[in-house]
Amino acid sequence: MSSESSKKRKPKVIRSDGAPAEGKRNRSDPEQEGKYYSEEAEVDLRDPGRDYELYKYTCQELQRLMAEIQDLKSRGGKDAAVEIEDRRILSCVHFMTLKKLNRLAHIRLKKGRDQTHEAKQKVDAYHLQLQNLLYEVMHLQKEITKCLEFKSKHEEIDLVSVEEFYEEAPPDISKAEITMGDPHQQTLARLDWELEQRKRLAEKYRESLSNKEKILKEIEVKKEYLSSLQPRLNSIMQASLPVQEYLFMPYDQAHKQYETARHLPPPLYVLFVQATAYGQACDKTLSVAIEGSVEEAKALFKPHEESQDDESDSDAEEEQTTKRRRPTLGVQLDDKRKEMLKRHPLSVMLDLKCKDDSVLHLTFYYLMNLNIMTVKARVTTATELITPISAGDLLSPDSVLSCLYPGDHGKKTPNPANQYQFDKVGILTLRDYVLDLGHPYLWVQKLGGLHFPKEQPQHTVIADHLLSSSHMETTMKLLKTRVQSRLALHKQFASLEHGIVPVTSDCHYLFPAKVVSRLVKWVTIAHEDYVDLHFTKEIVEAGLAGDTNLYYMALVERGTAKLQAAVVLNPGYSSIPPIFQLCLNWKGEKTNSNDDNIRAMEGEVNVCYKELCGPRPGHQLLTNQLQRLCVLLDVYLETEIHDDSVEGPKEFPQEKMCLRLFRGPSRMKPFKYNHPQGFFSHR
């Protein structure tokens, strides 16, 4: 009964979805509106908040009814079924309410999505319109920029200034009354004036061309005359050769030298010109000559295409005769090194004559790929010299010019760019090739006008005549001084090896008449042997024992006393004095570290060397120092206190006159010789 009554209570609902239902409803009359129910219309009328409260209330009621039905079922009873049925009906009603609320929520969600979609479409439409407008703005800006950047052809023409235009242009072109206030008309008038000027210049150009043709014809006529004159001049020159030889005027030889000099590379050409000029102005004995193959030098300047054709022809002939094998990597590197170190076919020879008729022969070469100059030296004398053993390195080509300027040993390339070139072909240093190529001294580069900055490598260095001329005179004087000092040492070493200290008559006053100590040994030693000596550590640590110096060992004896002297001879002798380090073997070993008098003896020889230089240029300095060393050993031994407990005469009787034997707590001895009084005193 309850189910039938509930069915009777359910209202009949006619549902319609979508727009067609609304259309029908809109087209219906007022009577039909009362017969249909639309939930979509109801959604607009209902408050979502109240629906939410209704939803909560309905859920609570359902929970309560379910709890009561559960309680009634658990208790049981006669009236429980009726009560349960009533509560079940109420629950169904609440379920219907929930369904309706669910439908309303879906309808609201659908409407919200539709509204969002419509708003999004509007935003997209507005955005598209904005993009179109931005594109139009950009296009208009580009067009404006093109218009602003437009350059007319007349802007490339360098027109005369406005002031010159009104001063020079005729009135029919300038039209000052019109163009002064109108820039456009003014520009047109200036262009007309430019055209008029160019027409006039074109007419002058045609006249100049006609004059040029006339002058060229005259030049051709004169060339023919000169070409016919050349054979006559040659015959006259040949006829005058005996006269030139008789009068010592080798004009023909000089002319040939100048013709050959045209094929010299720039650095050698600068050297040739400056050396010739110096010889003519300052040193008539200086001889300058050019050696080498002129034909090979000319071949270096042949066009590249001809050389390629010659190479292709030779390669074709070789392929026809025999098969060529591909060279190995080592052979390729050797070929690249040879090409890298290739010298120019021509070289410059300088013969520098000294006062004693000795000659220094210098041969200058130019390494084309390295862009540096090298030199080989050779010394010849008027009479044949007997070479002492210790003088073997004095005149050797490898060391005779070493350190002509301080620090310039000529063992490495002065061009910083060469190191990058060496890395490509596997060359570590140029030191291994200087014997064959010559030494690349810095002064050689300056004589050739080459200057290499040290900051960064430069592959192109231009030869400078001014640089060469500024160093020519100084270098030539240094070269002469070097040869004379080496020859003087060469002669002195011959006497020293025989135990004779040669003292010239000009220097006798520097020493007493009687010197008992004598030199018994003078030999050359290697740099490594000098460094290993225990009494030379101070000189080595001070950096005064370089590998470019020459080293010698002198032994002075008197009785049982033996004085060893290790000598460092700088290549710049005699402007740079030798350095002596002493070791006395007598009653033990005495050096400057354990005997102040030995240190004083070293000071007399090394510090007071100016007293021993003698007359200029001071080539007697070394022998005077050795003689002074013998005198100092005499003073040292004669002033020693004799032990009275030892019977017999003194080993070293006092023969030198001394004002005072000792001074100060260190018992310093009088080593200073006073001339002409002939006594020794303290400094």
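Computed from a predicted structure; not experimentally measured.

Considering the nonpolar core
Core analysis: the largest hydrophobic core is formed by 50 residues, its most contacted members being L350, L360, L362, F364, L401, W443 and L479. Looking at this core, the elements that each hand over two or more residues are helix 12 (266-281), strand 1 (287-292), strand 2 (346-353), strand 3 (359-367), strand 4 (372-380), helix 16 (417-425), helix 18 (442-447) and helix 19 (465-496). Once you skip the residues sitting within four places of it in the chain, L360 turns out to touch L350, D351, L352, A377, R378, V379, L401, L479 and V483. In this structure, L489, V605, Y609 and Y636 belong to the second largest nonpolar core, which totals 46 residues.

Here's the deal with helix 16
A417, N418, Q421, F422 and V425 are the residues of helix 16 that are buried. The buried residues of helix 16 occupy an angular sector of 135° when projected down its axis, which confines them to one face. The exposed set on the far side of helix 16, more than 90 degrees from its buried face, consists of Y420 and D423. The first or second residue beyond helix 16 is G426, which carries a positive phi of 80°.

So, unusual backbone geometry
Residues other than glycine predominantly adopt negative phi, and peptide bonds predominantly adopt the trans conformation. The omega torsion across Y573 and S574 is 15°, close enough to zero to call that bond cis. Along the chain, the position of S574 falls in the loop between strand 7 (561-569) and strand 8 (579-585). Phi angles above zero are rare outside glycine, and C403 is one such case at about 55°. Relative to the helices and strands, C403 resides in the loop between strand 4 and helix 16. Look at R667: it is not a glycine, yet its phi comes out positive at around 55°.

Examining a nonpolar patch on the surface
Taken together, the side chains of L140, I144 and L148 present a nonpolar region at the surface, about 340 Å² in accessible area. Residue position: L148 is located in helix 6 (residues 80-149).

What to know about the sheet that holds strand 5 (residues 518-525)
Across a sheet, paired strands are connected by hydrogen bonds in the backbone, their directions being either parallel or antiparallel. Spatially, five strands are ordered 5-6-7-8-9 in an open sheet, and the strand pairing comes out antiparallel. Lying at the two open borders of the sheet, with one neighbouring strand each, are strand 5 and strand 9 (589-590). Relative to strand 8, strand 7 runs antiparallel, the two being bridged by seven bridges. Residue pairing in the sheet places V567 in a bridge with F580 of strand 8. Where helix 22 (residues 596-606) meets the sheet, it contacts strand 7, strand 8 and strand 9, and its direction lies at approximately 150° from that of strand 8.

Some words on a negative patch on the surface
Residues E163, E164, E167 and E168 make up a contiguous surface patch of negative charge. Structurally, the position occupied by E167 is in helix 7 (residues 162-168). A relative accessible area of 66% means that E167 is categorised as exposed.

Considering helix 5 (residues 48-75)
A rise of 1.5 Å per residue sets the reference length of helix 5, with its 28 residues, at 40 Å; its end C-alpha atoms lie 41 Å apart and thus fit the reference within 8%. Within helix 5, burial applies to D51, T58, E61, L62, L65, I69 and L72. In this structure, the buried residues of helix 5 make contact with helix 6.

So, the sheet that holds strand 12 (residues 679-681)
If you walk across this open sheet you meet the three strands as 10-12-11, and the pairing is mixed. Every interior strand has two partners, whereas the edge strands, strand 10 (657-658) and strand 11 (672-674), have only one. As defined by bridge partners, strand 10 adjoins strand 12 across two bridges and the pair is classed as parallel. Looking across to strand 12, one finds that C658 is bridged to F680.

Side note on the pattern of salt bridges
Applying the stated criterion across every chain yields a total of 30 salt bridges. Members of the salt-bridge network, linked through shared partners, are E42, R46, D51, K100 and R108.

A word on the pairing of strand 6 (residues 550-558)
Counting buried positions along strand 6 gives nine out of nine residues, so the element sits mostly inside the fold. Across the two faces of strand 6 the burial is the same, with L550, Y552, A554, V556 and R558 and Y551, M553, L555 and E557 all buried. Where strand 5 and strand 6 come together, seven bridges link them in antiparallel fashion. Paired with I525 across the two strands is Y551, which belongs to strand 6. Alignment of strand 6 against strand 7, held across nine bridges, turns out to be antiparallel. Looking across to strand 7, one finds that R558 is bridged to A561. The turn joining strand 6 and strand 7, which pair antiparallel and follow one another in sequence, is formed by two residues; a positive phi near 65° is taken by G559.

Section: the side chain of Q581
By secondary structure assignment, the location of Q581 is in strand 8. A residue is classified by how much of its surface remains accessible, and Q581, at 3% relative accessible area, is buried. Only 3.1 Å separates the side chain of Q581 from the backbone oxygen of F535, close enough to count as a polar contact. Setting aside anything within four residues of it in sequence, one finds Q581 in contact with Y530, F535, T536, I539, Q564, A565, A566, N592, E602 and N606.

So, the environment of G448
Among the structural elements, G448 can be located in the loop between helix 18 and helix 19. It is 9.9 Å that separates the C-alpha atoms of G448 and I462, two residues lying 14 residues apart in sequence. Aside from chain neighbours lying at most four places away, what touches G448 is P267, V270, L271, M373 and A463.

Quick notes on the side chain of N418
By the secondary structure assignment, N418 is in helix 16. Of note is the side chain of N418, whose polar atom sits 3.0 Å from the backbone oxygen of L370. Once residues within four sequence positions are removed from consideration, N418 is found in contact with L370, I372 and T413.

A closer look at the packing of helix 19 against helix 23 (residues 621-638)
At their nearest, the axes of helix 19 and helix 23 sit 10 Å apart, and the two run at 30° to each other. The angle between helix 19 and helix 23 places the two elements in the roughly parallel class. Across the interface between the two elements, L489, Q492, F493 and L496 of helix 19 pack against L622, T623 and L626 of helix 23. In the contact of helix 19 with helix 23, the residues fall into five nonpolar, two polar and no charged.

Definitions and cut-offs
Here, residues in each chain are numbered from 1, in the same order as that chain's written sequence. Per-residue local features are limited, in this predicted model, to residues with pLDDT of at least 70; the limit for side-chain atom pairs, both in listing and counting, is 80 or more; totals at the level of whole chains, interfaces and linings are taken over all residues. Excluded from the side-chain calculations are hydrogens and water; all other atoms, namely the structure's heavy atoms, are used. Working definition of a nonpolar core: buried Ala, Val, Leu, Ile, Met, Phe, Trp, Tyr and Cys residues. They are joined through side-chain atoms within 4.5 Å. Exposure categories follow from relative accessible area, calculated using a 1.4 Å probe and restricted to protein chains: below 20% of the type maximum is buried, above 50% is exposed, and the middle band is partly exposed. For helices the rule is a DSSP run of H or I covering at least 4 residues; for strands it is a run of E covering at least 2, with both sets numbered from the N terminus onward. A contact between two residues is defined here by any heavy atoms of the two lying within 4.5 Å. Think of the arc as the fan of directions from the helix axis to the C-beta atoms. Nonpolar side chains (Val, Leu, Ile, Met, Phe, Trp, Tyr) are joined into patches within 5 Å and like charges within 9 Å, using only residues with over 30% relative accessible area and no salt bridge. Note that accessible areas follow from Shrake-Rupley with a 1.4 Å probe, and for residues the cover is restricted to the protein chains shown. Any Lys or Arg side-chain nitrogen found within 4 Å of a carboxyl oxygen on Asp or Glu counts as a salt bridge. Strand pairing is assigned whenever DSSP detects at least two bridges linking the two strands. Between N-to-C directions, angles cover 0 to 180 degrees, with each direction set by a line fitted to C-alpha atoms, over the stretch in contact for helices. Working convention for charge: Lys and Arg count positive, Asp and Glu count negative, and His plus the chain ends are omitted. A charged residue contributes its charge at one atom only: NZ of Lys, CZ of Arg, CG of Asp or CD of Glu. Working rule for helices: expected span equals 1.5 Å times residues minus one. Between N or O atoms, a polar contact is any pair within 3.5 Å; within protein, one atom must be a potential hydrogen donor and the other a potential acceptor, and residues adjacent in sequence are included only when both atoms are from side chains. Should an angle fall under 35 degrees it is taken as roughly parallel, and over 145 as roughly antiparallel, whereas 65 to 115 is taken as roughly perpendicular and any remaining angle as oblique. Three classes are used: nonpolar for Ala, Val, Leu, Ile, Met, Phe, Trp, Tyr, Cys and Pro, charged for Asp, Glu, Lys and Arg, and polar for all others, with Gly counted as polar.

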